[in-house]
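Report on the structure
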Amino acid sequence: MMQCILNRADQVEVGGEELIERWRQDSDSWLWVDLYQYPGEQEYDLLVNRFELDEGAVEEAQRDRHPPSFDVFGDYIYLLLKPLDAQSNSLDFSTLQLAMFAGKRLLVTRHSKPSPYLQKLQERVRNNPGQDNPMSIMAAMGHRVAERYGKVLLDLEQRLDVIEDELFDTPGDQLMKELVGYNTGLRKMNRILNYYVDVYDQLRRKLHKSENEYANEFDDVFAVTERFASLSSLYQSVINDLIEAYISLNGHHLNQIMKVLTIVTVIFVPLTLLVGIYGMNFENMPELKSHYGYFILLSIMGTIAFLLLYLFRKVRWL
């Protein structure tokens with residue numbers, strides 16, 4: 001599907017491919033071409049042959065998976081983003097591939113999944129003729145991408161506070177499973193955000209060199225993205241610490257259980273020895289004929305048990 005939005009100072013037209021020729025004839029207008037599930041060969045021909053965009057950048061934009069990237073070609077900027085898709089509101093997220101080619105009079109957006117925010121931007125352009133341009137749309141998209149990632153991270157912060165309390169009060173395998181899942185999601189998010197930090201850093205430097213009016217906008221996008229990248233690294237460290245704390249607590253609990261079992265075993269070993277000896281079937285066992293032999297043996301066994309318990313108490317094993 002291809003949608004074209006032709007923007008003039010006082011009028012906006014929405015349509016299809018027919019608006020491309022009108023755009024070429026009107027030097028005071030700029031055109032937004034949005035491509036979604038457009039046939040690959042036709043898309044390539046449109047972007048490379050008709051709009052004369054870089055072949056390598058177009059091929060990169062058409063790939064199913066590619067990290068965020070950035071380049072400058074003559075009078076337009078190429079920016080490849082990986083925004084969260086519409087259904088992603090947690091660390092169990094998925095992304096879409098969004099390529100943007102922005103020049104003075106042309107904006108091309110190509111995305112692999114539906115993007116509600118792109119639709120909002122298109123509606124903003126339609127309702128406010130003359131207020132936006134390709135660079136303002138690109139900057140708005142950059143802010144939105146960073147905000148979506150940031151919201152997921154800030155929501156995670158609240159959950160981590162709860163988990164930290166639960167970990168010491170009611171530790172369980174479900175908490176461990178949740179922490180491992182968060183750790184995996186954070187690793188993926190941190191990798192993407194670090195790509196963004198590099199991309200926006202290069203982009204803002206290029207814009208400052210050319211004294212572009214949107215350089216400060218991308219300074220803000222870079223600062224926000226860098227903050228969230230640092231935050232994701234911090235939360236990953238916190239989660240790793242919580243996982244280690246959980247393992248330590250489980251190890252301590254297991255040691256306590258083993259200590260109790262060891263104490264019980266040590267107490268019953270001498271008692272079992274005595275029972276085993278007097279359970280033998282020999283005639284020449286004088287104690288068997290003693291009138292008080294049974295009570296004497298029980299007393300000895302009780303004394304041994306008491307002395308061992310006293311010893312364990314004294315060395316603070318109990």
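Everything below is about the structure shown above.
1. Description of the overall build of the protein chain
If you tally the helices and strands in the protein chain, you get 8 helices and 7 strands. For the protein chain, the C-alpha radius of gyration of 36 Å lies well beyond 20 Å, the compact-globule estimate for 318 residues. Seen through its principal axes, the protein chain has C-alpha atoms that stretch 125 × 35 × 30 Å. The 318 residues of the protein chain split such that 43% are buried.

2. Describing the nonpolar core
Counting residues in hydrophobic clusters, the biggest one holds 60 residues, and the most contacted among them are Trp 32, Leu 81, Tyr 200 and Phe 218. Formed by 26 residues, the second largest nonpolar core is a distinct cluster that contains Met 2, Leu 6, Ala 57 and Leu 106.

3. Re the sheet that holds strand β4 (residues 69-73)
Read across the open sheet, the 7 strands follow the order β2-β1-β3-β7-β6-β5-β4; overall the sheet is mixed. Because the sheet does not close on itself, it has two edges, and the strands there are β2 (12-15) and β4. For this sheet the average axis-to-axis angle between neighbouring strands, irrespective of direction, equals 10°. In this sheet, strand β5 (residues 76-81) lies alongside β4 in antiparallel orientation, the contact comprising 5 bridges. The partner of Ser 69 across the bridge, within β5, is Leu 80. Running at roughly 155° to strand β3 (residues 30-36), helix α2 (residues 40-50) makes contact with β1 (2-7), β3 and β7 (106-111) of the sheet. Across the sheet, helix α4 (residues 116-127) touches β1, β2, β3, β6 (98-103) and β7, and the angle it forms with β3 is around 155°.

4. Here we look at the packing of aromatic side chains
The geometry of an aromatic ring pair is captured by the separation of the ring centres together with the interplanar angle, meaning the angle of the planes. Overall, the coordinates contain 8 aromatic pairs when judged by the stated rule. A ring pair is formed by Phe 93 and Tyr 149, whose centres lie 6.2 Å apart and whose planes are at 85°; its orientation type is edge-to-face. Of this pair, Phe 93 sits in the loop between β5 and β6 while Tyr 149 is found in helix α5 (residues 134-169), placing the two residues 56 residues apart along the sequence. Comparing Phe 93 with Tyr 149, the two get one shared label, buried. Above the plane of the ring of Phe 93 lies Lys 188, whose end atom (NZ or CZ) is 4.6 Å from the centre. When the ring centre of Phe 222 is taken as origin, the NZ or CZ atom of Arg 204, which lies over that ring, is 4.2 Å away.

5. Brief notes about the pattern of salt bridges
Following the criterion strictly, the structure yields 14 salt bridges and no others. Between Asp 26 and Arg 8 there is a salt bridge, and its shortest N-O distance comes to 2.8 Å. Placement of Asp 26 in the loop between α1 (18-25) and β3 and of Arg 8 in the loop between β1 and β2 is noted, with a sequence separation of 18 residues between them. With a closest N to O distance of 2.7 Å, Glu 178 and Arg 159 form a salt bridge. Pair noted here: Glu 178 is in helix α6 (residues 173-209) and Arg 159 is in helix α5, with a separation of 19 residues, a long-range link. Accessibility expressed as a relative area gives 19% for Glu 178, which makes it buried. One network of salt bridges, in which partners are shared, links Arg 8, Glu 13, Arg 22 and Asp 26.

6. Notes on the side chain of Glu 60
With respect to the secondary-structure elements, Glu 60 resides in helix α3 (residues 55-62). For the buried Glu 60, which has no salt bridge, the nearest side chain bearing the opposite charge is Arg 63, at an N-O separation of 5.1 Å. Within the structure, the side chain of Glu 60 is placed 3.4 Å from the side chain of His 66, a separation counted as a polar contact. Excluding anything up to four places from it in sequence, Glu 60 contacts His 66, Ser 69, Tyr 78, Leu 80 and Gln 97.

7. Observations concerning the packing of α2 against α3
The axes of two packed helices give the description: the angle between them and the distance between them. At their nearest, the axes of α2 and α3 sit 10 Å apart, and the two run at 150° to each other. Relative to α3, α2 is oriented so that their crossing is right-handed. Each of Gly 40, Glu 43, Tyr 44, Leu 47 and Val 48 in α2 lies in contact with α3, whose residues at this interface are Glu 55, Val 58, Glu 59 and Gln 62. Looking at side-chain class alone, the contact of α2 with α3 contains 4 nonpolar, 2 polar and 3 charged residues.

8. A look at α1
Given 3.6 residues to a turn, an α-helix orients residues that are three or four positions apart in the same direction. What α1 keeps buried is the set Leu 19, Ile 20 and Trp 23. For α1, the buried positions fall inside an angular range of 110° around the axis, keeping them on one side. Packing partners of the buried residues in α1 comprise β1, β2, β3, α2 and β7.

9. A word on a negative patch on the surface
Residues Glu 157, Asp 161, Glu 164, Asp 165 and Asp 169 make up a contiguous surface patch of negative charge. Considering the arrangement of structural elements, one finds Asp 165 in helix α5.

10. Section: the environment of Arg 159
The class for Arg 159 is partly exposed, based on a relative accessible area of 25%. Beyond its immediate chain neighbours, meaning those up to four positions away, Arg 159 contacts Glu 166, Leu 175, Glu 178 and Tyr 182. At 2.7 Å, the side chain of Arg 159 forms a polar contact with the side chain of Glu 178.

Conventions we followed
- Residues numbered from 1 in each chain as written.
- Predicted model: local features only at pLDDT ≥ 70, side-chain atom pairs only at ≥ 80, totals over all residues.
- Heavy atoms only, no water.
- Helix = DSSP H or I, 4+ residues; strand = E, 2+ residues; numbered from the N terminus.
- Rg over C-alpha atoms; globule rule 2.2 N^0.38 Å.
- Buried < 20%, exposed > 50% of the residue type's maximum accessible area, 1.4 Å probe, protein only.
- Core = buried A, V, L, I, M, F, W, Y, C linked by side-chain atoms within 4.5 Å.
- Pairing = 2+ DSSP bridges.
- Axes fitted to C-alpha atoms, helices over the stretch in contact; angles between N-to-C directions.
- Contact = heavy atoms within 4.5 Å.
- Phe/Tyr/Trp six-rings, centres within 6.5 Å; stacked < 30°, edge-to-face > 60°.
- Lys NZ or Arg CZ within 6 Å of the ring centre and 35° of its normal.
- Salt bridge = Lys/Arg side-chain N within 4 Å of Asp/Glu carboxyl O.
- Lys, Arg positive; Asp, Glu negative; His and termini not counted.
- Polar contact = N/O pair within 3.5 Å; in protein donor to acceptor, adjacent residues only side chain to side chain.
- Left-handed = near helix turned anticlockwise from the far one by under 90°.
- Nonpolar A, V, L, I, M, F, W, Y, C, P; charged D, E, K, R; others polar.
- Arc of directions from axis to C-beta.
- Patch = residues over 30% accessible without salt bridge, like charges linked within 9 Å, V, L, I, M, F, W, Y side chains within 5 Å.
- Areas by Shrake-Rupley, 256 points an atom, 1.4 Å probe, with all protein chains shown as cover.
- Charge placed at Lys NZ, Arg CZ, Asp CG, Glu CD.

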